[in-house]
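In case you want the letters, here they are:
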Amino acid sequence: MKELEDRIRRDGTIKPGNVLKVDAFLNHQCDVALFDAMGAHWAQLFAGRQIDKILTIEASGIGIACVAARHFGNVPVVFAKKTQSINLDGDQYVSSIYSFTKQREYPVIVAKRFLQAGEHVLLIDDFLAKGNALHGLIDICKHAGVIVEGIGIAIEKGFQEGGSKLRKEGYDVKSLAIVEKMDADTGNIEFATTD
Ligand code: 5GP
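Since this is a predicted model, take the numbers as computed values, not measurements. (Residues numbered from 1 in each chain as written. Predicted model: local features only at pLDDT ≥ 70, side-chain atom pairs only at ≥ 80, totals over all residues. Heavy atoms only, no water.)

Visitor: Any chance you could explain the side chain of T56 here in plain terms?
Guide: Its location among the elements puts T56 in strand β3 (residues 53-57). Within polar-contact distance, the side chain of T56 engages the backbone oxygen of I124 at 2.7 Å. Contacts of T56, omitting those with residues within four sequence positions, involve G61, I62, A65, V77, V78, F79, A80, I124, D125 and L137. (Helix = DSSP H or I, 4+ residues; strand = E, 2+ residues; numbered from the N terminus. Polar contact = N/O pair within 3.5 Å; in protein donor to acceptor, adjacent residues only side chain to side chain. Contact = heavy atoms within 4.5 Å.)

Visitor: Sorry if this is basic, but what is going on with unusual backbone geometry here?
Guide: Negative phi characterises most residues that are not glycine, and trans characterises most peptide bonds. In this chain, E58 is followed by A59 through a cis amide linkage whose omega measures 0°. For A59, the position within the fold is in the loop between β3 and α3 (60-69). In this model, N18 sits at a positive phi of 65°, which is unusual for a non-glycine residue. One non-glycine residue, N74, lies in the positive phi region at around 55°. Here N74 lies in the loop between α3 and β4 (77-80).

Visitor: For this particular structure, what's the right way to read the site of the ligand?
Guide: Around the ligand, a shell composed of 16 residues is seen, among which L20, K130, G131, A133 and K157 lie nearest. A distance of 2.8 Å separates an oxygen atom of the ligand from a polar backbone atom of A133. If the ligand stood free it would expose 500 Å²; the protein chains cover 88% of that surface. Sorting the residues of the shell around the ligand by element identifies β2 (19-21), β7 (120-128) and α4 (132-144) as the ones contributing at least two each. (Near = heavy atom within 4 Å. Areas by Shrake-Rupley, 256 points an atom, 1.4 Å probe, with all protein chains shown as cover.)

Visitor: Which parts of the structure should I look at to understand the pattern of salt bridges?
Guide: Pairing between side chains of opposite charge can happen when the charged atoms of each approach one another. Tallying each qualifying case throughout the model produces 11 salt bridges. Notably, a salt bridge pairs D11 with R7, separated by 2.7 Å at the nearest N-O pair. Remark: R7 and D11 occur in helix α1 (residues 2-11); sequence separation between them is 4 residues, near one turn of the helix. What makes R7 buried here is its relative accessible area of 16%. One salt bridge in this structure joins D195 and K174, with 3.5 Å as the shortest N-O distance. A residue pair is termed long-range when its members are at least 10 positions apart, and D195 in the segment after β10 (189-192) and K174 in strand β9 (residues 173-182) qualify at 21 residues. A single salt-bridge network, built from bridges that share partners, covers R49, E149, D172, K174 and D195. (Salt bridge = Lys/Arg side-chain N within 4 Å of Asp/Glu carboxyl O. Buried < 20%, exposed > 50% of the residue type's maximum accessible area, 1.4 Å probe, protein only.)

Visitor: What am I meant to see in the UniProt feature "binding site: 5-phospho-alpha-D-ribose 1-diphosphate" (unreviewed entry) in the protein here?
Guide: Under the feature "binding site: 5-phospho-alpha-D-ribose 1-diphosphate" (unreviewed entry), the UniProt entry names A129, K130, G131, N132 and A133. With respect to the helices and strands, the residue A129 is situated in the loop between β7 and α4. Here A129 falls in the buried class, since its relative accessible area comes to 13%. In this view, A129 contacts K157, Q160, E161, G162 and G163; residues no more than four positions away in its chain are not counted. Positionally, K130 belongs in the loop between β7 and α4. (UniProt positions renumbered as here; feature names shortened; annotations may be inferred.)

Visitor: How do you make sense of the environment of L45 when you look at a structure like this?
Guide: If you trace the backbone, L45 turns up in helix α2 (residues 32-45). On a C-alpha basis, the gap between L45 and A24 in space is 26 Å, while along the polypeptide they are 21 residues apart. Among residues more than four places away in sequence, those in contact with L45 are K174, L176 and D195.

Visitor: Looking at this structure, I do not really get α2. What am I missing?
Guide: Note: α-helices contain 3.6 residues per turn, so residues at a spacing of three or four share the same orientation. Between its terminal C-alpha atoms α2 stretches 20 Å, which fits the 20 Å expected from 14 residues at 1.5 Å a residue. Of all the positions in α2, only L34, F35, M38, G39, H41, W42 and A43 are classed as buried. Against the buried residues of α2 lie α1, α3, β7, β8 (147-157) and β9. Sitting at the head of α2, D31 places a side-chain oxygen 3.1 Å from the backbone nitrogen of A33. (Expected span 1.5 Å × (residues − 1).)

Here it is in structure tokens:
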């Protein structure tokens, strides 16, 4: 998606450890018009699919998933929580994820009542790197008996293994921008061709 690639080139910065910082429009300040265009693009890419619900992870997934839902017939958005709280009552699905950016394990939690067996779910997240976050969500989906209809990613780091793993496992992963190479010294970013 050219608009997203242009924005990454313009406002993204490359941090040590292969981290792309995009807090000017995605991870801290949110560009809602861009989110809307991203939602429209995912709706095109997943046209004809049955999507009953969108599942994402807090925090950065929530904004993009909610705007995307407007393009999927206002389906409900469920976001997995990363911490236990007294507001999280009832039975829960819990999985564990290793965070690339935080370099530690954390839980992902979804209340059982928000995922019904047989529902068709679209997974959405801001970044795909090693695939740990998505595998945590997929684990929850398997336990819930929901069908993962597709995976919509804003920015995939194609030089890390998450995307190829998930595609090999048979998941339909649609990333709006795939970073093939990024150089912290020059600031140069190269993208792979996307749908
Ligand atoms: P994975 O689990 O695929 O290794 O990483 C995905 C999660 O880590 C995303 O949800 C995102 O929050 C975070 N992440 C991974 N790589 C980056 C990056 O380069 N930049 C930012 N901003 N977040 C990242």
